[in-house]
Amino acid sequence: MKLICAIDLHLGQVVHGKGGRRSEYSPLTWGISNTAEPRGYLHAIRPRFVYIADLDRIMGDGSHDEVVLGLSDLVDRCYLDRGCRGPDDMLNAPFIENVIGTETAGPNLSGFPGGYLSVDVKAGSVVPGGEDPVAILSRAEEWGFSGCILLQISAVGEECGIDCREAERIRSGTDLPLLYGGGVRDESDLTILSEAGFDGAIIATALHTGGVALEHIRRGSFC
C-alpha cells in the first residue's frame with residue numbers, strides 16, 4: 001500500500017490541518033521538521049510521495065503554483081489539490097497528479113480530463129452536496145477519473161482512527177485506485193486500510209507524533 005505525506009500550504013508555509021477548521025491552522029514546526037518552509041520541510045521528511053492541498057487557492061485567495069513546481073526534484077509524485085473549479089484549473093507538470101475535490105469542483109464532475117477525484121467528506125456526507133460517498137465513488141470511472149481519494153476532512157489531524165467496516169464499505173464503491181486521508185492514528189490503522197483493499201493512505205499528524213515510522217513515508221509504502 002502506497003504511503004503519501006500530506007502537506008497543507010497556506011501563506012507560503014506548511015500548516016497543521018485540524019478537523020477542517022482552517023482558521024485554526026498554524027505553521028507545522030513541532031514535528032519532524034523545525035521549519036514550515038516547504039522545501040526545508042520536505043528536506044527534513046524526505047517522502048517519496050506527497051499530497052499537497054493549496055489552501056489559499058482552494059479558498060480563492062492566492063496560489064502556491066510556483067512553490068509546488070519548485071518541488072519536482074524532491075519527490076517522485078505530487079498529488080495536488082489546487083481547488084480546481086474546471087478543467088482549465090488543472091496544473092500540468094510531469095510529476096503532478098491533479099486532484100479534483102468535490103468541495104470546489106461544482107456539480108458537473110464529468111468535464112475533467114482524468115486526474116484523481118477527491119470525495120471530500122464531513123460528518124459522513126460529501127461536501128457540498130450531502131451524498132453518501134459510496135454513491136459518488138461509484139460514478140468516478142464513468143466520469144473519466146483515473147483514481148479516487150476518500151478525504152475525511154473533519155478527521156484531519158484528529159487521530160480518531162479508522163473503522164474497519166466503514167473502510168470496507170467505502171472501498172466497495174469503486175474498482176479504481178483508492179487512497180484514504182484523514183484520521184489515521186498509527187500503523188494499526190494502516191493495516192486496516194490495507195486489509196480493506198485501499199491502494200494508499202495520506203498521512204501527516206501520525207508521522208509527526210511517531211504513530212507511523214518515518215522509514216515508511218521515505219520508502220513510500222506500508223506492508
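It should be emphasised that the depicted structure is a prediction, and the values quoted were computed from it without experimental measurement.

A. Region of the structure containing the environment of L137. For L137, the location among the structural elements is in helix 5 (residues 133-137). The exposure class of L137 is buried, given its relative accessible area of 0%. When the C-alpha positions of L137 and Y116 are compared, they lie 11 Å apart, and in sequence the two are 21 residues distant. With near-sequence residues (within four places) excluded, L137 lies in contact with V119, C148, I170, G173, T174 and L178.

B. View of unusual backbone geometry. Between V127 and P128 the backbone carries a cis peptide bond, its omega angle lying at 5°. Its location among the elements puts P128 in the loop between strand 8 (125-126) and helix 5. Of note in this structure, C223 is not a glycine but carries a positive phi near 75°. Mapped onto the elements, C223 comes out in the segment after helix 9 (214-219). Residue class for C223 comes out exposed when judged on its relative accessible area of 68%.

C. Examining the pairing of strand 7 (residues 116-122) more closely. Taking burial as the measure, the seven residues of strand 7 include six buried ones, the bulk of the element. Two strands pair when backbone bridges link them, and strand 6 (residues 96-101) and strand 7 are joined in this way by three bridges, in the parallel orientation. Pairing of V99 across the sheet is with Y116, part of strand 7. Of the pairings in the sheet, the one linking strand 7 to strand 9 (residues 147-152) comprises six bridges and is parallel in character. Residue pairing across strands places Y116 opposite G147, the latter belonging to strand 9. The sheet contact formed by strand 7 and strand 8 spans two bridges and is antiparallel. When the sheet's bridge partners are listed, K122 is paired in strand 8 with S125.

D. Expanded view of the side chain of R171. Structurally, R171 is set in helix 6 (residues 164-171). Looking at R171, its side chain comes within polar contact range of the main-chain oxygen of L176, at 2.7 Å. Within the structure, R171 has its side chain in polar contact with the side chain of D199 (distance 2.8 Å). If we ignore the near neighbours within four places in the chain, the residues touching R171 are L176, L178, A196, G197, F198 and D199.

E. A look at the packing of helix 6 against helix 7 (residues 187-196). For the pair helix 6 and helix 7, the least separation of the axes is 9 Å and the interaxial angle reads 35°. Of the two possible hands of crossing, helix 6 and helix 7 adopt the one that is right-handed. Two secondary-structure elements touch here, helix 6 through C164, A167, E168 and R171 and helix 7 through I192, L193 and A196. Each residue belonging to the contact of helix 6 with helix 7 can be placed in one class, and the counts come to five nonpolar, no polar and two charged.

F. Main features of helix 1 (residues 38-45). Three or more residues of helix 1 are buried, namely P38, G40, Y41, L42 and I45. On its buried face, helix 1 sits against strand 1 (2-10), strand 2 (13-16), strand 4 (49-54), helix 3 (65-69), helix 8 (205-209) and helix 9. The backbone nitrogen of R39 has a side-chain oxygen 3.1 Å away, supplied by the residue at the start of helix 1, namely E37. Of the residues flanking the end of helix 1, it is R46, one or two places downstream, whose phi is positive at about 55°.

G. Spatial organisation of the packing of aromatic side chains. Applying the stated rule across the entire model yields three aromatic pairs. Aromatic side chains Y180 and F198 sit 5.5 Å apart centroid to centroid with 85° between the ring planes, which places their arrangement in the edge-to-face category. Pair noted here: Y180 is in strand 10 (residues 178-181) and F198 is in the loop between helix 7 and strand 11 (200-203), with a separation of 18 residues, a long-range link. Here Y180 and F198 have matching classes, each one buried. The ring of F49 has K2 sitting right over it, with the charged end atom 4.7 Å from the ring centre.

What counts, and where the lines are drawn
Residues numbered from 1 in each chain as written. Predicted model: local features only at pLDDT ≥ 70, side-chain atom pairs only at ≥ 80, totals over all residues. Heavy atoms only, no water. Helix = DSSP H or I, 4+ residues; strand = E, 2+ residues; numbered from the N terminus. Buried < 20%, exposed > 50% of the residue type's maximum accessible area, 1.4 Å probe, protein only. Contact = heavy atoms within 4.5 Å. Pairing = 2+ DSSP bridges. Polar contact = N/O pair within 3.5 Å; in protein donor to acceptor, adjacent residues only side chain to side chain. Axes fitted to C-alpha atoms, helices over the stretch in contact; angles between N-to-C directions. Left-handed = near helix turned anticlockwise from the far one by under 90°. Nonpolar A, V, L, I, M, F, W, Y, C, P; charged D, E, K, R; others polar. Phe/Tyr/Trp six-rings, centres within 6.5 Å; stacked < 30°, edge-to-face > 60°. Lys NZ or Arg CZ within 6 Å of the ring centre and 35° of its normal.

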